Amino acid sequence: VTGIRELLEADRVTVCQFIQSERAEIIAESVNEQWPSRLGEIITNTQWLKVDQFSPEFARSLQVIEDTHKSTLTAVQSDYFAHWKVRAEVVLPLIYLENCWGLVIVDYCQHPHFWKTEELNLLTQLTQQTAIAIHQSELYQQLEKLANLDGLTQIANRRQFDQAIDYEWQRL
C-alpha cells in the first residue's frame, strides 16, 4: 500500500477486509503523517459505498469521487468524508472467483483529485493482482493447517509434534 500511495502521491491508501455484511476491518494502511491513521478500525457501516458488496455489479465497479465538496453525496457519505477529511477518493473491490474479499481505498485529503484513465487502469490491475495474492495466501494457510492436523480428529499429527520438539530443543 505504501508503493501505491507514493506512486499516486495520495494521502491515504487502505485495504479493508469484509468481516460480515456491512462490516469491514482496515487491515493495511499507508498514510501521510499529517492525517489520522485508520489501521485496525472496524467499519460498522459500509453504506457510504452506495453498493451491495455481494452484487455482480460491484465486482466490476469502482467508485470514483473527484471532489467531495462538489459531488452529490448521501448524508452517510458526507459524514464519512467530513470525519476523515477526504476530498477525493477511489474505491476498488478485491475480487477473486466472484467473491468480494475486501476493498482498496485511495484518498486525497488536501485537495480534489481528477483521476486519469491510466491511474484507474493501474489501480484496477494492482487490485486484481492483490486479490490473487490474498487468495493464494489463504490457500497456503489452509494447506499448512491440513499438513499439521489429522483430518478426522483435528488433533496435531506427527509432523506438528516433530516441529514442536525441534523448536523446544533449539530453545535449550
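Here, every reference points to the structure presented above.
Notes on the structure in this doc start here. (Residues numbered from 1 in each chain as written. Predicted model: local features only at pLDDT ≥ 70, side-chain atom pairs only at ≥ 80, totals over all residues. Heavy atoms only, no water.)

A short note on the environment of Ala10
Here is the rule we go by: Working definition: helices are DSSP H or I runs of at least four residues, strands are E runs of at least two. Numbering for both runs from the N terminus. Burial classes: relative accessible area under 20% of the type maximum marks a residue as buried, over 50% as exposed, and values in between as partly exposed (1.4 Å probe, protein chains only). By definition in these notes, contact holds between two residues if any of their heavy atoms fall within 4.5 Å.
Tracing the chain through its elements places Ala10 in the loop between α1 (2–8) and β1 (12–20). Assessed through its relative accessible area of 5%, Ala10 is described here as buried. Along the primary structure Ala10 and Val106 are separated by 96 residues, whereas in three dimensions their C-alpha atoms are 6.9 Å apart. When sequence neighbours within four positions are dropped, the list of residues in contact with Ala10 reads Arg5, Val106, Asp107 and Tyr108.

Some words on the nonpolar core
We count it as follows: Among the buried residues, those of types Ala, Val, Leu, Ile, Met, Phe, Trp, Tyr and Cys that are joined through side-chain atoms within 4.5 Å form a nonpolar core.
One finds Leu8, Val90, Leu94, Val106, Tyr108, Trp115 and Leu123 to be the most contacted residues of the largest nonpolar core, which totals 18 residues. Of all elements in the fold, only α1, β1, β5 (88–96), β6 (99–108) and α4 (117–148) reach the threshold of two or more residues within this core. If we skip the residues at most four places from it in the chain, Val106 touches Ile4, Leu8, Ala10, Arg12, Val13, Ala88, Glu89, Val90, Trp115 and Leu123. Formed by 9 residues, the second largest nonpolar core is a distinct cluster that contains Cys16, Ala24, Ile43 and Leu103.

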